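Notes for the structure review
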Amino acid sequence: ILMKKKIVALLLATSMAVSLSACGGSDSSDKKSSSESSTQTTKAKKSKKVENQDVVLTESGYSINDDGMGDVYAYYGFTLQNPNTDSASQFPIVTITAKGDDGSIIATYDQTLYFIAPTDSVSFGSVLDCNGKTPATVEFSASSGTFVSAKTSGVVPTSSFEVSNTNEIAQEYGDTSYTGEVTNKSDSDFDNVAITILLKNNGQIVYGDTTYVSDLTAGATKPFELSEYNVPEHTEYVITAQSW
(Lines give C-alpha, C1' and ligand atoms only; values in the text may rest on other atoms or scores of the structure.)
Protein backbone atom coordinates (compact mmCIF):
# COMPACT_ATOMS: atom_id res chain seq x y z
CA ILE A 1 0.00 0.00 0.00
CA LEU A 2 2.83 2.41 0.82
CA MET A 3 4.45 1.73 -2.53
CA LYS A 4 1.20 2.50 -4.37
CA LYS A 5 0.89 5.86 -2.56
CA LYS A 6 4.43 6.83 -3.64
CA ILE A 7 3.69 5.97 -7.26
CA VAL A 8 0.48 8.04 -7.23
CA ALA A 9 2.27 11.05 -5.69
CA LEU A 10 5.00 10.83 -8.33
CA LEU A 11 2.45 10.76 -11.15
CA LEU A 12 0.63 13.79 -9.73
CA ALA A 13 3.88 15.82 -9.47
CA THR A 14 4.82 15.00 -13.08
CA SER A 15 1.39 16.00 -14.31
CA MET A 16 1.54 19.40 -12.54
CA ALA A 17 5.01 20.13 -13.98
CA VAL A 18 3.81 19.45 -17.52
CA SER A 19 0.74 21.64 -16.97
CA LEU A 20 2.79 24.59 -15.67
CA SER A 21 5.18 24.33 -18.62
CA ALA A 22 2.29 24.40 -21.09
CA CYS A 23 0.62 27.39 -19.45
CA GLY A 24 3.55 29.68 -18.61
CA GLY A 25 6.42 28.75 -20.92
CA SER A 26 7.45 30.33 -24.31
CA ASP A 27 9.11 28.59 -27.23
CA SER A 28 11.49 29.82 -29.95
CA SER A 29 8.62 30.53 -32.39
CA ASP A 30 7.22 33.13 -29.96
CA LYS A 31 10.60 34.87 -29.74
CA LYS A 32 10.95 34.86 -33.55
CA SER A 33 7.50 36.38 -33.97
CA SER A 34 8.33 39.16 -31.49
CA SER A 35 11.62 39.91 -33.28
CA GLU A 36 9.90 40.12 -36.69
CA SER A 37 7.25 42.48 -35.29
CA SER A 38 9.96 44.79 -33.88
CA THR A 39 11.80 44.84 -37.23
CA GLN A 40 8.59 45.70 -39.10
CA THR A 41 7.91 48.56 -36.67
CA THR A 42 11.44 49.97 -37.23
CA LYS A 43 11.01 49.78 -41.02
CA ALA A 44 7.65 51.53 -40.78
CA LYS A 45 9.19 54.39 -38.81
CA LYS A 46 11.94 54.78 -41.40
CA SER A 47 9.42 54.78 -44.26
CA LYS A 48 7.64 57.74 -42.65
CA LYS A 49 10.68 59.99 -43.21
CA VAL A 50 9.56 63.09 -45.09
CA GLU A 51 11.20 63.64 -48.48
CA ASN A 52 12.48 67.12 -49.32
CA GLN A 53 10.66 69.05 -52.02
CA ASP A 54 12.59 70.46 -54.96
CA VAL A 55 13.38 74.18 -55.02
CA VAL A 56 10.94 76.24 -57.08
CA LEU A 57 11.74 78.81 -59.75
CA THR A 58 9.03 81.31 -58.85
CA GLU A 59 9.91 83.98 -61.44
CA SER A 60 12.41 84.63 -64.22
CA GLY A 61 12.91 86.97 -67.16
CA TYR A 62 15.40 88.71 -69.40
CA SER A 63 16.06 91.34 -72.06
CA ILE A 64 18.42 91.28 -75.03
CA ASN A 65 21.05 93.96 -75.52
CA ASP A 66 22.69 94.16 -78.96
CA ASP A 67 25.42 96.81 -78.99
CA GLY A 68 25.47 96.90 -82.82
CA MET A 69 29.14 95.95 -82.92
CA GLY A 70 28.77 92.20 -82.84
CA ASP A 71 28.15 91.71 -79.13
CA VAL A 72 24.78 90.39 -77.96
CA TYR A 73 23.93 89.87 -74.28
CA ALA A 74 20.95 88.56 -72.34
CA TYR A 75 20.49 90.36 -69.03
CA TYR A 76 18.51 88.01 -66.82
CA GLY A 77 17.05 87.70 -63.34
CA PHE A 78 15.24 85.05 -61.32
CA THR A 79 13.93 84.15 -57.88
CA LEU A 80 14.37 80.70 -56.35
CA GLN A 81 12.36 79.40 -53.38
CA ASN A 82 13.07 76.59 -50.92
CA PRO A 83 9.66 75.20 -49.85
CA ASN A 84 11.05 72.91 -47.12
CA THR A 85 10.54 73.80 -43.47
CA ASP A 86 13.51 71.92 -41.95
CA SER A 87 16.15 71.62 -44.68
CA ALA A 88 18.32 74.20 -46.43
CA SER A 89 19.29 73.95 -50.09
CA GLN A 90 23.07 74.01 -50.58
CA PHE A 91 24.52 75.05 -53.96
CA PRO A 92 21.29 75.07 -55.98
CA ILE A 93 21.80 75.72 -59.69
CA VAL A 94 19.80 77.68 -62.24
CA THR A 95 20.65 76.91 -65.86
CA ILE A 96 20.16 79.78 -68.31
CA THR A 97 20.01 78.74 -71.99
CA ALA A 98 19.69 80.99 -75.05
CA LYS A 99 18.17 79.29 -78.11
CA GLY A 100 17.77 80.20 -81.76
CA ASP A 101 14.60 80.06 -83.88
CA ASP A 102 15.30 76.42 -84.73
CA GLY A 103 15.81 75.45 -81.09
CA SER A 104 19.59 75.26 -81.38
CA ILE A 105 21.58 76.32 -78.33
CA ILE A 106 23.35 79.65 -78.77
CA ALA A 107 24.76 79.89 -75.24
CA THR A 108 24.20 78.37 -71.81
CA TYR A 109 25.44 78.92 -68.27
CA ASP A 110 24.95 77.25 -64.87
CA GLN A 111 24.53 79.88 -62.17
CA THR A 112 25.31 78.31 -58.79
CA LEU A 113 23.96 79.95 -55.65
CA TYR A 114 25.17 79.49 -52.07
CA PHE A 115 22.43 78.50 -49.60
CA ILE A 116 18.67 78.96 -49.41
CA ALA A 117 17.36 78.76 -45.84
CA PRO A 118 14.13 76.85 -45.11
CA THR A 119 11.00 78.53 -46.61
CA ASP A 120 13.22 81.36 -47.88
CA SER A 121 13.56 82.87 -51.37
CA VAL A 122 16.65 84.37 -53.02
CA SER A 123 16.97 86.43 -56.20
CA PHE A 124 19.91 86.75 -58.56
CA GLY A 125 20.66 88.65 -61.76
CA SER A 126 23.52 88.65 -64.23
CA VAL A 127 24.37 88.59 -67.95
CA LEU A 128 24.74 85.79 -70.52
CA ASP A 129 27.05 86.34 -73.51
CA CYS A 130 25.09 85.12 -76.57
CA ASN A 131 28.18 84.75 -78.78
CA GLY A 132 27.16 87.45 -81.23
CA LYS A 133 23.76 85.91 -82.04
CA THR A 134 20.31 87.19 -81.10
CA PRO A 135 18.36 84.41 -79.36
CA ALA A 136 14.71 83.70 -80.00
CA THR A 137 14.20 82.61 -76.39
CA VAL A 138 16.08 82.36 -73.12
CA GLU A 139 15.01 79.46 -70.91
CA PHE A 140 15.52 78.79 -67.19
CA SER A 141 15.61 75.52 -65.24
CA ALA A 142 16.50 74.83 -61.61
CA SER A 143 18.30 72.09 -59.69
CA SER A 144 18.01 71.79 -55.90
CA GLY A 145 21.63 70.98 -55.14
CA THR A 146 22.04 69.18 -51.79
CA PHE A 147 19.66 69.44 -48.86
CA VAL A 148 21.33 69.96 -45.49
CA SER A 149 20.29 70.78 -41.94
CA ALA A 150 19.08 74.32 -41.33
CA LYS A 151 21.76 74.53 -38.62
CA THR A 152 24.60 74.02 -41.11
CA SER A 153 27.27 76.72 -41.00
CA GLY A 154 26.66 79.25 -43.78
CA VAL A 155 22.87 78.96 -43.84
CA VAL A 156 21.70 82.56 -43.44
CA PRO A 157 18.09 83.70 -44.02
CA THR A 158 17.64 86.78 -46.19
CA SER A 159 15.82 88.40 -43.27
CA SER A 160 19.29 88.91 -41.75
CA PHE A 161 19.75 91.83 -44.14
CA GLU A 162 17.82 95.04 -44.65
CA VAL A 163 18.05 97.08 -47.85
CA SER A 164 17.08 100.73 -47.44
CA ASN A 165 17.48 104.27 -48.81
CA THR A 166 17.37 103.05 -52.42
CA ASN A 167 17.39 105.41 -55.39
CA GLU A 168 17.27 105.22 -59.21
CA ILE A 169 19.45 107.84 -60.89
CA ALA A 170 19.32 108.33 -64.66
CA GLN A 171 22.62 109.59 -66.04
CA GLU A 172 24.02 110.71 -69.38
CA TYR A 173 24.55 108.36 -72.32
CA GLY A 174 21.93 105.86 -71.17
CA ASP A 175 23.56 104.94 -67.86
CA THR A 176 21.41 104.39 -64.78
CA SER A 177 22.69 104.03 -61.22
CA TYR A 178 20.87 102.23 -58.42
CA THR A 179 22.10 103.16 -54.98
CA GLY A 180 21.18 102.23 -51.42
CA GLU A 181 22.37 100.84 -48.11
CA VAL A 182 22.47 97.32 -46.71
CA THR A 183 22.37 96.58 -42.97
CA ASN A 184 23.53 93.37 -41.32
CA LYS A 185 20.82 92.67 -38.73
CA SER A 186 22.42 89.45 -37.49
CA ASP A 187 25.05 88.74 -34.82
CA SER A 188 27.52 87.36 -37.40
CA ASP A 189 30.12 89.00 -39.63
CA PHE A 190 30.02 88.34 -43.38
CA ASP A 191 32.93 88.48 -45.82
CA ASN A 192 30.61 89.07 -48.79
CA VAL A 193 26.98 89.99 -49.29
CA ALA A 194 25.39 89.83 -52.75
CA ILE A 195 23.17 92.76 -53.74
CA THR A 196 20.80 91.92 -56.60
CA ILE A 197 18.60 94.27 -58.60
CA LEU A 198 15.62 93.05 -60.64
CA LEU A 199 13.87 95.40 -63.04
CA LYS A 200 10.22 94.54 -63.68
CA ASN A 201 7.76 95.76 -66.25
CA ASN A 202 4.19 95.26 -65.00
CA GLY A 203 5.36 92.49 -62.69
CA GLN A 204 7.53 90.64 -65.25
CA ILE A 205 11.32 90.52 -64.81
CA VAL A 206 13.06 92.21 -67.75
CA TYR A 207 16.55 92.74 -66.36
CA GLY A 208 18.84 91.66 -63.55
CA ASP A 209 22.31 92.33 -62.18
CA THR A 210 24.32 91.70 -59.01
CA THR A 211 27.10 93.46 -57.12
CA TYR A 212 28.81 92.66 -53.83
CA VAL A 213 29.52 94.36 -50.51
CA SER A 214 32.51 93.04 -48.55
CA ASP A 215 33.27 92.87 -44.83
CA LEU A 216 29.80 93.57 -43.49
CA THR A 217 30.16 93.11 -39.75
CA ALA A 218 27.31 92.45 -37.30
CA GLY A 219 25.07 95.48 -36.99
CA ALA A 220 26.94 97.46 -39.64
CA THR A 221 25.45 99.41 -42.57
CA LYS A 222 27.25 99.95 -45.86
CA PRO A 223 26.34 101.80 -49.08
CA PHE A 224 26.22 100.13 -52.50
CA GLU A 225 25.82 101.13 -56.15
CA LEU A 226 24.93 99.22 -59.30
CA SER A 227 25.76 101.02 -62.56
CA GLU A 228 23.70 99.75 -65.50
CA TYR A 229 23.79 100.68 -69.18
CA ASN A 230 20.81 100.94 -71.52
CA VAL A 231 18.27 99.37 -69.16
CA PRO A 232 14.96 98.32 -70.72
CA GLU A 233 11.62 99.96 -70.03
CA HIS A 234 10.38 99.05 -66.57
CA THR A 235 7.77 100.03 -64.01
CA GLU A 236 9.62 99.06 -60.82
CA TYR A 237 12.93 97.88 -59.43
CA VAL A 238 13.50 95.45 -56.53
CA ILE A 239 16.79 95.20 -54.63
CA THR A 240 17.54 92.26 -52.31
CA ALA A 241 20.55 90.98 -50.33
CA GLN A 242 21.87 87.54 -49.44
CA SER A 243 24.98 86.06 -47.83
CA TRP A 244 27.59 85.00 -50.36
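Residues numbered from 1 in each chain as written. Predicted model: local features only at pLDDT ≥ 70, side-chain atom pairs only at ≥ 80, totals over all residues. Heavy atoms only, no water.

Describing the sheet that holds strand β5 (residues 105–112)
This is how the line gets drawn: Should DSSP find at least two bridges between two strands, the strands are regarded as paired. Helix numbers and strand numbers start at the N terminus; a helix is a DSSP run of H or I with at least 4 residues, a strand a run of E with at least 2. Here an axis means a line fitted to C-alpha atoms, over the contact stretch when the element is a helix, while the angle between two N-to-C directions is reported on a 0 to 180 degree scale.
Here we have three strands laid out as an open sheet, ordered β5-β4-β8, and antiparallel in their pairing. Since the sheet does not close on itself, it has two edges, and those belong to β5 and β8 (137–143), each with one partner. Taking each pair of neighbouring strands and ignoring which way they run, the sheet shows an average axis angle of 15°. Bridge analysis of strand β4 (residues 93–99) against β8 gives seven bridges, and the strand direction is antiparallel. Bridge pairing in β8 links Lys99 to Thr137.

Points about empty space enclosed by the protein
The criterion, for reference: Think of a 1 Å grid over just the protein atoms. A cavity is a set of points where a 1.4 Å probe fits yet cannot get out, a pocket is an open set with protein on both sides within 12 Å along at least five of seven lines, and lining residues have an atom within 4 Å of a point. Grid points are joined across faces, edges and corners, and a volume is the space filled by probe spheres set on the points. For this classification, the nonpolar set comprises Ala, Val, Leu, Ile, Met, Phe, Trp, Tyr, Cys and Pro, the charged set comprises Asp, Glu, Lys and Arg, and every other residue, Gly included, is treated as polar.
Tallied over the entire structure, the rule returns one cavity of 30 Å³ or more. Here the largest cavity defines a volume of roughly 30 Å³. By residue class, the composition of the lining of the largest cavity is three nonpolar, three polar and no charged.

Things to note about a negative patch on the surface
Put simply, the rule reads: Like-charged residues are merged into a patch within 9 Å and nonpolar side chains (Val, Leu, Ile, Met, Phe, Trp, Tyr) within 5 Å, provided each residue has over 30% relative accessible area and no salt bridge. The method behind every accessible area is Shrake-Rupley, applied with a 1.4 Å probe, and residues are considered shielded solely by the protein chains displayed. The salt bridge definition used is simple: a Lys or Arg side-chain nitrogen within 4 Å of an Asp or Glu carboxyl oxygen. Counting rule for charge: Lys and Arg are taken as positive, Asp and Glu as negative, and neither His nor the chain ends is counted. Every charge is mapped onto a representative atom, which is NZ of Lys, CZ of Arg, CG of Asp or CD of Glu. Buried, partly exposed and exposed residues are distinguished by accessible area as a fraction of the type maximum, computed with a 1.4 Å probe on protein chains only: under 20%, between the cut-offs, and over 50%, respectively.
A surface patch of like charges, here negative, comprises Asp66, Asp67, Asp71 and Asp129. With respect to the helices and strands, the residue Asp66 is situated in strand β1 (residues 56–66). Here Asp66 falls in the partly exposed class, since its relative accessible area comes to 46%.

Observations regarding the side chain of Ser177
We count it as follows: The term polar contact refers here to a pair of N or O atoms within 3.5 Å; inside protein, the definition further demands a hydrogen-donor-capable atom paired with an acceptor-capable atom, and it admits residues adjacent in sequence only when both atoms are side-chain atoms. Contact between two residues is taken to exist if any of their heavy atoms lie within 4.5 Å; hydrogens are not considered.
Relative to the helices and strands, Ser177 is located in strand β11 (residues 175–184). A distance of 2.9 Å separates polar atoms of two side chains, one belonging to Ser177 and the other to Gln171. Once residues lying within four places of it in the same chain are set aside, the contact partners of Ser177 are Asn167, Glu168, Ile169, Gln171, Glu225, Leu226 and Ser227.

Description of the sheet that holds strand β9 (residues 146–149)
Spatially, the three strands line up as an open sheet ordered β6-β3-β9, and their pairing is antiparallel. Each having just a single partner strand, β6 (115–116) and β9 make up the two edges of the open sheet. In this structure, strand β3 (residues 87–90) lies alongside β6, joined through two bridges in antiparallel fashion. Bridge pairing in β6 links Gln90 to Phe115.

Points about the environment of Glu162
Positionally, Glu162 belongs in strand β10 (residues 161–170). The sequence separation of Glu162 and Thr240 amounts to 78 residues, and the corresponding C-alpha distance is 8.1 Å. When near neighbours in sequence (up to four residues on either side) are disregarded, Glu162 contacts Glu181, Val182, Thr183 and Lys185.

Brief notes about the environment of Thr134
Mapped onto the fold, Thr134 is located in the loop between β7 (121–129) and β8. Residues Thr134 and Lys99, spaced 35 residues apart in sequence, show a C-alpha to C-alpha distance of 8.7 Å.

Some points on the packing of aromatic side chains
Spelled out, the test is: A pair of Phe, Tyr and Trp rings is counted when the ring centres sit within 6.5 Å of each other, with Trp represented by its six-membered ring. The angle between the planes then sorts it: under 30 degrees is stacked, over 60 is edge-to-face, the rest tilted.
A complete count under the given rule lists 11 aromatic pairs for this structure. Between Tyr76 and Phe140, the aromatic rings sit 6.2 Å apart at their centres with planes inclined by 65°, giving edge-to-face as the arrangement. On the criterion of sequence distance, the pair formed by Tyr76 in strand β2 (residues 72–81) and Phe140 in strand β8 is long-range, its members being 64 residues apart. In terms of burial, Tyr76 and Phe140 fall into one category: buried. Ring centres of Phe91 and Phe115 lie 6.2 Å apart, and the angle between their planes is 25°; on these two criteria the pair is classed as stacked. Here Phe91 is found in the loop between β3 and β4, whereas its partner Phe115 is found in strand β6, with 24 residues between them in sequence. In this structure Phe115 comes out as buried when scored by relative accessible area, which is 7%. Through a chain of ring-to-ring contacts, three or more aromatic side chains come together here, namely Tyr76, Phe78, Phe124, Phe140, Tyr212 and Trp244.

Looking at the pairing of β3
Both faces of β3 are covered, namely the face carrying Ser87 and Ser89 and the face carrying Ala88 and Gln90. Taken together, the four bridges between β3 and β9 define a ladder with antiparallel strand orientation. Bridge pairing in β9 places Gln90 opposite Thr146.

Examining the confidence of the model for the protein chain
Worth spelling out the cut-off: Values of pLDDT, the confidence the predictor places in each residue, fall between 0 and 100.
When pLDDT is averaged along the protein chain, the result is 87; 80% of the residues meet or exceed 70. For the stretch residues 1–13, pLDDT sits under 50, and the model shows zero contacts to residues farther than four places along the chain or on other chains. Considering only residues more than four positions removed or in separate chains, one finds that residues 16–25, a stretch of pLDDT under 50, has one contact.

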